[in-house]
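Given next are the chains, with one letter for each unit.
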Amino acid sequence: MAAQVIDGKLIAQQVKDELRAETARLAAQGKVAGLAVVLVGDDPASAVYVTSKEKTARELGMHSVQHRLPVSTTQAELAALVDQLNADEHIHGILVQSPLPAGLDQDAIFRRILPAKDVDGFHPENVGRLWQGHDTLVACTPAGVMVLLAHMGVDPAGKHAVVVGRSNIVGKPMAALLLKANATVTICHSKTPNLQEICRQADILIAAVGKLEMLTGDYIKPGAVVIDVGINPVPGFKSKIRGDVHFDSAAQVAGMITPVPGGVGPMTIAMLMANTLKAAKAIWGE
Ligand code: NDP
């Protein structure tokens, strides 16, 4: 194998250690950041995610509350909870776990969360601020990718970054962050012809497609930095996951590569915690 493997678990741990130190410093001044996670319905994967978010916040010394609402919750009831959390001075970050059950308007709920408490970075005001190049609360997964790159000493400036995927939660904010970091950015999607040719031009290749091991070694420029955001179940293997990149063939060609699991995944929760502390400090005027 030629590529250096990027250890997302280790880097996420370092981020969390720094956050723990900062929460302890602030706690000594009587300031405790608060995160509220809201889960509607009983989707088992979502329940695992919210529990782990709440637990991590506690471990880092933050105040953390979980609101579990039944699948029958109405738009008005969910909106009322968001309003209550918006007004709660002990809560600095609000996360409504997606996807919401059918019948609830997810975008309307994301818009209802105060931009200052929008630790998922999904509110249009924060998305707009990001594209205008301002400092703001940014979606956790792409923010985590930027931290991985920084830890590995990869400066995107002047590089050609290719992002495969244009979702609002990963592809688009990823492209905005790379652009802000002075990369030349190409965004690809399901209607892009010549995907392989474009990927092979990438100095930094970000895979956020949701297709098991689609990007094989022959999509990769020799020496490229390959970041695999994908989380895909492996058919026939319960609880086994793999990425959007075919790791074994890609690692023969790339200069650096993230594994799945253990690459981007651990960074997402770490960045949620970073966003919560950032939101709290902004609200406190720190
Ligand atoms: P979406 O399904 O919302 O978006 C997938 C994107 O990939 C779309 O823009 C789609 O194009 C594009 N795409 C699909 N098929 C192709 C193809 N054959 N060629 C080129 N582009 C294609 O997924 P998400 O962005 O939400 O997630 C992407 C992956 O990242 C998933 O595996 C998800 O599980 C994972 N993920 C991981 C996280 C983590 O913490 N590590 C967090 C969030 C997501 P089009 O727009 O044209 O349909």
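Refer to the preceding data block for the structure.
The paragraphs below set out a description of the structure included in this document. Owing to the predicted nature of the structure, the values given are computational and were not obtained by experimental measurement. (Residues numbered from 1 in each chain as written. Predicted model: local features only at pLDDT ≥ 70, side-chain atom pairs only at ≥ 80, totals over all residues. Heavy atoms only, no water.)

## Regarding unusual backbone geometry
Right, on to step 1. For the bond running from serine 98 to proline 99, omega is 0 degrees, close enough to zero to count as cis.
Right, on to step 2. You can see proline 99 is positioned in the loop between β4 (93–96) and α4 (106–112).
Right, on to step 3. Cis geometry marks the peptide bond from valine 260 to proline 261; its omega dihedral reads 0 degrees.
Right, on to step 4. Summarising the element assignment, proline 261 is placed in the loop between β11 (256–257) and α10 (265–284).
Right, on to step 5. A positive phi angle is found at asparagine 194, which is not glycine, with a value near 55 degrees.
Right, on to step 6. Mapped onto the secondary structure, asparagine 194 falls in the loop between β6 (184–188) and α8 (195–199). (Helix = DSSP H or I, 4+ residues; strand = E, 2+ residues; numbered from the N terminus.)

## A closer look at the nonpolar core
Right, on to step 1. Val145, Leu149, Leu178, Ile206, Ile227, Val229 and Met273 are the most contacted members of the largest nonpolar core, which has 55 residues in total.
Right, on to step 2. Broken down by element, the residue count for this core peaks at ten residues, all from α10.
Right, on to step 3. Not counting residues up to four positions away in its chain, the partners in contact with leucine 178 are Met146, Leu149, Pro156, Ala161, Val163, Ala183, Val185 and Ile206.
Right, on to step 4. In this structure, Tyr219, Val245, Ala251 and Ile257 belong to the second largest nonpolar core, which totals 20 residues. (Core = buried A, V, L, I, M, F, W, Y, C linked by side-chain atoms within 4.5 Å. Buried < 20%, exposed > 50% of the residue type's maximum accessible area, 1.4 Å probe, protein only. Contact = heavy atoms within 4.5 Å.)

## A word on the pattern of salt bridges
Right, on to step 1. Enumeration over the complete set of coordinates arrives at ten salt bridges.
Right, on to step 2. One salt bridge in this structure joins aspartate 83 and arginine 112, with 2.9 Å as the shortest N-O distance. Here arginine 112 lies in helix α4 and aspartate 83 lies in helix α3 (residues 75–87), a separation of 29 residues in the sequence.
Right, on to step 3. Classification of aspartate 83 as partly exposed rests on a relative accessible area of 33%.
Right, on to step 4. You can call arginine 112 partly exposed: its relative accessible area is 41%.
Right, on to step 5. Residues participating in the shared-partner salt-bridge network are Glu22, Arg25, Lys31, Lys281 and Glu286. (Salt bridge = Lys/Arg side-chain N within 4 Å of Asp/Glu carboxyl O.)

## Some words on the sheet that holds strand β8 (residues 225–228)
Right, on to step 1. Here six strands make up an open sheet; going across it, the order is β1-β11-β8-β7-β5-β6 and the pairing parallel. Looking at which strands have only one partner, the edges of the open sheet turn out to be β1 (4–5) and β6.
Right, on to step 2. Lying over the sheet, helix α7 (residues 171–180) contacts β5 (160–164), β6 and β7 (204–207), oriented at roughly 170 degrees with respect to β5. (Pairing = 2+ DSSP bridges. Axes fitted to C-alpha atoms, helices over the stretch in contact; angles between N-to-C directions.)

## Considering the site of the ligand
Right, on to step 1. Close to the ligand lie 22 residues; Arg166, Ser167, Ser190, Ile231 and Thr268 are nearest.
Right, on to step 2. In the environment of the ligand, an oxygen atom lies 3.5 Å from a nitrogen or oxygen atom belonging to the backbone of valine 209.
Right, on to step 3. Protein contacts shield 70% of the accessible area of the ligand, which totals 920 Å² for the unbound molecule.
Right, on to step 4. In terms of residue class, the shell around the ligand is made up of ten nonpolar, ten polar and two charged. (Near = heavy atom within 4 Å. Polar contact = N/O pair within 3.5 Å; in protein donor to acceptor, adjacent residues only side chain to side chain. Areas by Shrake-Rupley, 256 points an atom, 1.4 Å probe, with all protein chains shown as cover. Nonpolar A, V, L, I, M, F, W, Y, C, P; charged D, E, K, R; others polar.)

## Here we look at the side chain of serine 64
Right, on to step 1. Tracing the chain through its elements places serine 64 in strand β3 (residues 63–69).
Right, on to step 2. A relative accessible area of 5% places serine 64 in the buried class.
Right, on to step 3. At 3.2 Å, the side chain of serine 64 and the backbone oxygen of glutamate 54 are in polar contact.
Right, on to step 4. Ignoring sequence-local partners within four residues, the contact set of serine 64 consists of Leu35, Glu54, Ala57 and Arg58.

## Regarding helix α6 (residues 140–151)
Right, on to step 1. Given a rise of 1.5 Å per residue, twelve residues ought to cover 16 Å, and the 16 Å separating the end C-alpha atoms of α6 matches this to within 8%.
Right, on to step 2. Counting buried positions along α6 yields nine of twelve residues, so the element is predominantly enclosed.
Right, on to step 3. Contact partners of the buried residues in α6: α1 (8–27), α7, β7, β8 and α10.
Right, on to step 4. Of the residues trailing α6, glycine 153 is marked for its positive phi of about 75 degrees. (Expected span 1.5 Å × (residues − 1).)

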